[in-house]
Amino acid sequence: MTGAVRLEPVDERNLEPLLSVAAAEAEPEDVMPPVQAPAGWSLARRDAFREFHRANLGGLDGPTRTAMYAIVSGGEVVGMIRMTRRDEPGTVETGMWLGRSARGRGLGAAALRQLLHTAAAAGMHTVVADTTPDNAGALSVLRKCGAELREEGGKVHARMCLDSALPIR
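In what follows, the accompanying structure is described.

1. Describing the sheet that holds strand S1 (residues 6–9)
Pairing between sheet strands relies on hydrogen bonds along the backbone, with the strands arranged either parallel or antiparallel. Ordered in space as S1-S2-S3-S4-S5-S7-S6, the seven strands form an open sheet in which the pairing is mixed. One side of each edge strand has no neighbouring strand; the edge strands of this open sheet are S1 and strand S6 (148–152). Strand-to-strand, the axes of this sheet are offset by a mean angle of 30°, without reference to chain direction. Two strands pair when backbone bridges link them, and strand S4 (residues 91–98) and strand S5 (residues 126–131) are joined in this way by three bridges, in the parallel orientation.

What follows is the structure, given as structure tokens:
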């Protein structure tokens, strides 16, 4: 079914499947912070991917103030979505990535809708995101989820207010 997803908190059980889809269907710079390592999915970069995700296992109240979720479709991990507390109370920033084979099927919008509901249940009232003007996939997902978009300084800033009606799951 197109657009049907489930969000699972990233943990040791789904970390290796998450790394597998990242390595097979995404570029390292699209799915993790930059690291000093050989180009591509070298062993050092794979280890850094694991360390990055393990550092964020504490959730919104942990040291990194980040909750990460594996995006699961058809029983398979297809990407990741996160939310990170911002300094502004009640506000989290989101970001996501999908493996190439999962793109263009409505899974990104379905994952973001679920994240918006999860953020609201956690007491948040605003979700923000940043992308680039040429990231058509991200812009489409943000629009489908009711984001207010503002372009400034070569970036597109998105804001989704959770005090209004949430998008249908």
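After presenting the structure, the write-up continues.
2. Examining the pairing of S4
Two elements, strand S3 (residues 76–85) and S4, share seven bridges in a ladder whose sense is antiparallel. Of the residues in S4, the one forming a bridge with Arg85 is Val92. Between S3 and S4, which pair antiparallel and follow one another directly, the connecting turn spans five residues, one of which, Gly90, has a positive phi of 75°. Between the parallel pair S4 and S5, the chain is carried across by helix H4 (residues 107–121), and the sense of this crossover is right-handed.

3. Quick look at unusual backbone geometry
One non-glycine residue, Arg65, lies in positive phi territory at about 55°. Following the sequence through the fold, Arg65 ends up in the loop between helix H3 (43–55) and strand S2 (66–73). Given a relative accessible area of 31%, Arg65 falls into the partly exposed group.

What counts and what doesn't
Residues numbered from 1 in each chain as written. Predicted model: local features only at pLDDT ≥ 70, side-chain atom pairs only at ≥ 80, totals over all residues. Heavy atoms only, no water. Pairing = 2+ DSSP bridges. Helix = DSSP H or I, 4+ residues; strand = E, 2+ residues; numbered from the N terminus. Axes fitted to C-alpha atoms, helices over the stretch in contact; angles between N-to-C directions. Right-handed = clockwise from strand over helix to strand, strands pointing away. Buried < 20%, exposed > 50% of the residue type's maximum accessible area, 1.4 Å probe, protein only.

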